[in-house]
Amino acid sequence: MERVNDRDAELLDGLPDALAARSPHALPPALRARVLAAAAARPLARKGTLWPLAAAAVAALIALVAWNVQLQQALAQDRSLLAQLRDAANGQETVFEIVDAPNTTKLMLRAPAPGPAAPYAKVYWRPDQTHVVAMAGRLPALAAGGTYELWLDQRRIGVIAPDENGFGYLVFDTGSRGASYRTGRVLVQPGGSVVVSGER
Amino acid sequence: MSDEELAARVAARDLEAFASLYDRYAPRVFAWAAHLLGRDDAEDATQEVLLRLWDRADRFDARRGTFAPWFFAVARHELIARAKKRTREQRVLATDEIERLLFDRAGTADTEASAIARVAGDELLQALGTLPVQQRRVLVLAYFGGLSQSEIARGTSTPLGTVKKRTRLALAKLRAALRGSAGAGAG
């Protein structure tokens, strides 16, 4: 027994009475009115009325778990994409200066029907750099003659050529610093069907 | 009206019944709080304990026991939670002062002490008074100060094994003494 438990404490429950009889600290008379007023003003906290609170707490917990799962998936996706980029862009310092900087802006492009196997892409730029980096993952293999095109703000930027794993990237020079984009898409040509898209 | 009947009324939000229980129990809670936490914090602590009674009276089940142990468990948990914000040394000192107050005066034969002994906790104090001082001290430190056996060992510079032994012996002797006095009272 590390602490005196309630059962053992019961043996000693006469002590507060004995202490009160001997203590010089008398109960202040004004406290009675204050406690009674506080009790009267107390909101009802009955079992029944706690159900909405409990339900809200459970819902918040579920939302938190779901959000955490989503976050983990997004982080895993990021890690996987960056690892593939590291392999593919070996030696291109510019790519990492743009992707991995504190002032980088990122535009996420998602498939119309998201899922664990759905394609996705990301576009990165910095206000103090002229280069922009785009990379895409899980792009399905295309029929002969087909290409993936990156469009930013209704402007065709270039072609993303995926490897056998469906990963591809594109680095392009805008010619001036301060480039910024609001929307992005990756289309399949010919046909122009949208594979992934996104907006800031 | 018994404490248990009043508690049932408090559970039904009867403020008058709550006031009656306040009158019966608040002086004890306040004295405990004043010695353990200091007079400045005692009012706030007493109010909180009594409001817990108001909020939780529906959890008291008279079929499972009487009101006083239930209430003192509530009070003890609240007061000790507050006391834990103080250092172990402060809690030991405060509890030693309680022990001195309870047992130094109870042991005297003056008129006032005799009158007090008749008022409250007489049998319990007498039973505790028969224990060796160090055994009694561990019980008082644990009950009023909420100190664990490890904390008592450190706070009183006593080996933990000794504290455990004193606690075990003190509880056993106390139970025996109280059984004896109950038996004598019944006979």
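Just so it is clear, the structure is predicted and the values come from calculations on it, not from any experiment.

(A) Broad picture of the overall build of chain A. Scanning chain A for helices and strands turns up five helices and eight strands. Of all intrachain contacts in chain A linking residues separated by at least 6 positions in sequence, the fraction that spans at least 24 positions is 58%.

(B) Spatial organisation of the overall build of chain B. Across its full length, chain B carries 10 helices and zero strands. Scanning chain B from its N terminus toward the C terminus, one meets helices and strands in the order α-α-α-α-α-α-α-α-α-α. Of the contacts formed within chain B by residues at least 6 apart in sequence, a portion of 62% connects residues at least 24 apart.

(C) Representation of the pairing of strand E8 (residues 193-199) of chain A in the model. Residues and elements named next belong to chain A. Taken together, the six bridges between strand E7 (residues 183-189) and E8 define a ladder with antiparallel strand orientation. Looking at the pairing, Thr183 lines up with Glu199 of E8. In sequence, E7 turns back onto E8 through a hairpin of three residues, with Gly191 there showing a positive phi of about 120°.

(D) Just the confidence of the model for chain A, in detail. Of all residues in chain A, 88% attain a pLDDT of 70 or more, and the chain-wide mean is 83. Confidence, read as mean pLDDT per element, is least for helix H4 (residues 47-88) of chain A in chain A (74) and greatest for strand E4 (residues 147-152) of chain A (94).

(E) View of the environment of Thr105(A). Residues and elements named next belong to chain A. Here Thr105 lies in strand E1 (residues 105-110). Residue class for Thr105 comes out partly exposed when judged on the 16 C-beta atoms lying within 10 Å of it. Setting aside residues no more than four positions away along its own chain, Thr105 makes contact with Trp125 and Ser180.

(F) Fine view of the interface of chain B and chain A. Listed as interface residues are 48 residues of chain B and, on the opposing side, 35 residues of chain A. The element best represented in the side of chain B that touches chain A is helix H2 (residues 15-37) of chain B, accounting for 12 residues.

(G) Just unusual backbone geometry, in detail. Each neighbour pair has its own omega, and for Gln189(A) with Pro190(A) the value is 0°, a cis peptide bond. Relative to the helices and strands, Pro190(A) resides in the loop between E7 and E8. A positive phi is found at Arg138(A), a non-glycine position, where the angle reads about 55°. In this fold, Arg138(A) is placed in the loop between strand E3 (131-137) and E4. Under the C-beta neighbour-count criterion, Arg138(A) is labelled buried, with 21 such atoms within 10 Å. For Arg13(B), which is not a glycine, the phi torsion comes out positive at approximately 65°. Of note, Arg13(B) is situated in the loop between helix H1 (3-11) and H2.

(H) Seen up close, the packing of helix H3 (residues 30-41) of chain A against H2(B). Viewed as axis vectors pointing N to C, H3(A) and H2(B) meet at an angle of 145°, and their least axial separation amounts to 11 Å. Where H3(A) crosses over H2(B), the handedness of that crossing is right-handed. Residues Arg32(A), Val35(A), Leu36(A), Ala39(A) and Ala40(A) of H3(A) touch H2(B), and the partners they reach there are Leu15(B), Phe18(B), Ala19(B) and Tyr22(B). Considered class by class, the residues forming the contact of H3(A) with H2(B) number eight nonpolar, no polar and one charged.

(I) Region of interest: the environment of Leu51(B). Note on placement: Leu51(B) falls in helix H3 (residues 39-56). Leu51(B) sits 29 residues away from Tyr22(B) along the chain, and the two C-alpha atoms are 9.9 Å apart. Apart from the residues lying within four places of it in its own chain, the contact partners of Leu51(B) are Val35(A), Ala38(A), Ala39(A) and Arg42(A).

(J) Examining H3(B) more closely. Helix length check: H3(B) (18 residues) gives 26 Å between terminal C-alpha atoms against 26 Å at 1.5 Å per residue, within 8%. Of the residues making up H3(B), those classed as buried are Ala42(B), Ala45(B), Thr46(B), Val49(B), Leu50(B), Leu53(B) and Trp54(B). Buried residues along H3(B) sit in contact with H3 of chain A together with H1, H2 and helix H4 (67-83) of chain B.

Criteria and thresholds
Residues numbered from 1 in each chain as written. Chains lettered and ligands numbered in written order. Predicted model: local features only at pLDDT ≥ 70, side-chain atom pairs only at ≥ 80, totals over all residues. Helix = DSSP H or I, 4+ residues; strand = E, 2+ residues; numbered from the N terminus. Contact = placed C-beta atoms within 7 Å. Pairing = 2+ DSSP bridges. pLDDT = per-residue confidence, 0-100. Buried ≥ 20, exposed ≤ 12 C-beta atoms within 10 Å, placed from the backbone. Axes fitted to C-alpha atoms, helices over the stretch in contact; angles between N-to-C directions. Left-handed = near helix turned anticlockwise from the far one by under 90°. Nonpolar A, V, L, I, M, F, W, Y, C, P; charged D, E, K, R; others polar. Expected span 1.5 Å × (residues − 1).

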